[in-house]
Every structure is written in structure tokens, then in C-alpha cells.
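Chain by chain, the residues:
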Amino acid sequence: MDQQCNQGGNKTSKHPCFSFNAHKNYARMHLPVAPACNISCNYCNRKYDCLNESRPGVCSDILSPEEAYQRFLLVREHLPNLSVVGIAGPGDALADWEHTRLTLEKIRRVAGDMAFCLSTNGLLLPQYINEIIALGIDHVTVTVNCLDPAIGEKIYRYVNYQGKLYHSREAAALLLENQLQGIEMLTRRGVILKINTVMIPGINDRHIPEISRAMKELGAYVSNIIPMIPVKGSAFENFPQTSMSQLLFMREKCRADLPQMRHCRQCRADAVGLLGKDMQIEQINCKSLAGEKAEQAV
């Protein structure tokens, strides 16, 4: 992983998700400006207003680009070690591209050296590749759960692409085609790529080493194999959660092909702070208010 960090440059060495050494020292913030999604995964539901749950796709509220910008200014004031701003949903960063773009444009005007990151299912990567590069988005995470549409149809219910709904194997094949094309475009343009794979026992688990090998060939930087968490209301709500022993075994099996992210905390879409030590935005607001009162007292 350290060798990979050197190849990725200074911004990657300060990215807590892409660098193990960074996660104890550098903070990130996710801005929940992208609630829309264009695919339906069997392990997911679209509920996002969760206060006490920590997993991808949940947040307390949705922000407008202006609200997100104001939150960034507040957080930056109180977290001098903030190094990364990311858009991780709670839907898909590219499915809500206008909100994602406007948010990052506002921040870039006042924080030219900030690393930008986004997470996506990859369906719209070929469409937005030039804008991603123009915005200076250095790091992208793409969730790739299979390379075989026959497996994909067990994971995805539908794909909504250019106003048309695709189902079953056709949907999985379309998603995969765009993912592979978009990933190759990203790495050719110098974007640092992390591949997330949800390990679903009995569905795609035996297939994951093949994914790692293919992503290595396409120039991916690091792999993050994450457990499937049964979510109430999802098609897989009664599936058993991927065990830690299964997860560790698969990471060890795949590390010969790609460095493995072993410190993932499956962050919320509104996470702020160090990995594993998230701050509540209310804490930051309280600090800001206390500072204002102190200034007024003087």
C-alpha cells in the first residue's frame, strides 16, 4: 500500500480511504447532496434519514449545493486536518450530477488544493468523464460487484439509463459495459481509482478474485471488499451478513492482484472527521456558536 501511495502522489497520501497511513491523521467530509440513484441493488433500500446507523447510503438530511458549501466552510474552520471532500450519495454522485458539480465548483473556488473524491456505481462514467477531469476530481470509487451479467441479475433489480428501464440480465450487462468503459477512461486520465465490491455469500463471493484481476489490468489503485449488510426493506434483508472471517479470507486471496483496503468503516453519506472517529455536525455547530459568544464577550 505504501508503494501505491507514492505512485498516487501527495493528495493520495493524505486521503484516509486510499492510504492506510493517512486515516489516523487526516479527516474527510462527505456532503450529502446526491439523493437520486439510477440502479436498484437487492442489498439496498432508498431510506436515508437514519440518525444512528453507520453504513453507506445513510444520512440525516439532504443538502443543497449552497448548504453543502456553507457546511464545508464551517468544518474547514474547525478541522485543520481536513484533506478530502467527497460526494458519496446517499444515492449516486453521477445520477445527481448537477448537485455534485455545483457543490464542488463552489468549494474549488475557495480551496484550490483540496482533494476531491466521489463514489459511483459507474453507469454514467463515460458520459461525465470530461467534466470529472475538469473539476479536478482526483479520486473515484466505483462499486463493481461482478463481471458476469448472469451473476449481476441476482444483484440488481433494474437499471435506469437515458430514460429507459432495463431489467434482469440486460440491466446487469449494460451496467457492466459502462463500468468497464468508464474505469478505463478514468485510469487513462490519471484519476486514482478504488474498487468497492460488496461480498454477498452464495451470490458473488467466488467471483471476487476474478474482479480483482480484471480491475488490476484496468489500472485500479486499491480494492475494498466490504461485507453485505442485511438492510430492512431490501430484497436481501433476510440474507446473513458477510462474516469477518469470510471477508478476511477473501481480502487475503485477492491481495496478490490489488492492495486491499482493510481500514474501511463503511461511512455514512454525511460522515465528517477521521475514519472511525466521526464528528456530529452538531458538535461543530456548537463549537462555532461558542466561539462567536467568546468573541462577543471580548
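As a reminder, the structure under discussion sits directly above these lines.
As the structure is a computational prediction, the values presented were derived from the model and not from experiment. (Residues numbered from 1 in each chain as written. Predicted model: local features only at pLDDT ≥ 70, side-chain atom pairs only at ≥ 80, totals over all residues. Heavy atoms only, no water.)

A. Spatial organisation of the nonpolar core. The biggest cluster of nonpolar side chains holds 67 residues, and the ones touching the most others in it are Leu31, Val85, Ile137, Val142, Leu186 and Met215. Here the element with the most residues in this core is helix α7 (residues 168-188); it accounts for six residues. Those residues in contact with Val142 that sit more than four places away from it in its chain are Thr120, Asn121, Gly122, Leu125, Ile183, Leu186, Leu193, Lys194, Ile195 and Asn196. Core analysis: the second largest hydrophobic core is formed by six residues, Met199, Ile225, Leu247 and Cys254 among them. (Core = buried A, V, L, I, M, F, W, Y, C linked by side-chain atoms within 4.5 Å. Buried < 20%, exposed > 50% of the residue type's maximum accessible area, 1.4 Å probe, protein only. Helix = DSSP H or I, 4+ residues; strand = E, 2+ residues; numbered from the N terminus. Contact = heavy atoms within 4.5 Å.)

B. Looking closely at the pairing of strand β5 (residues 137-143). Of all the seven residues making up β5, six are buried; the element is thus mostly covered by neighbouring parts of the structure. Note: strand β4 (residues 115-120) against β5, five bridges, orientation parallel. Each residue of the ladder has a partner; that of Thr120, found in β5, is Val142. Handedness of the β-α-β unit built from β4, helix α5 (residues 125-134) and β5 comes out right-handed. (Pairing = 2+ DSSP bridges. Right-handed = clockwise from strand over helix to strand, strands pointing away.)

C. Structural view of the packing of helix α3 (residues 65-78) against helix α4 (residues 97-110). One way to put it is that α3 packs onto α4 with a least axis distance of 9 Å and a crossing angle of 40°. Between α3 and α4 the crossing geometry is right-handed. Across from Pro65, Glu66, Ala68, Tyr69, Phe72, Leu73 and Arg76 in α3, the residues of α4 making contact are His99, Leu102, Thr103, Lys106, Ile107 and Val110. Tallied by class, residues from the contact of α3 with α4 come to eight nonpolar, two polar and three charged. (Axes fitted to C-alpha atoms, helices over the stretch in contact; angles between N-to-C directions. Left-handed = near helix turned anticlockwise from the far one by under 90°. Nonpolar A, V, L, I, M, F, W, Y, C, P; charged D, E, K, R; others polar.)

D. Fine view of the sheet that holds strand β7 (residues 164-167). Across the sheet, which stays open at both edges, the three strands sit in the order β2-β6-β7 with antiparallel pairing between neighbours. The open sheet has two edge strands with one neighbour each: β2 (39-41) and β7. Strand-to-strand twist in this sheet, taken as the mean axis angle between neighbours without regard to direction, amounts to 20°. Sheet topology places strand β6 (residues 156-161) next to β7; four bridges connect them, and they run antiparallel.

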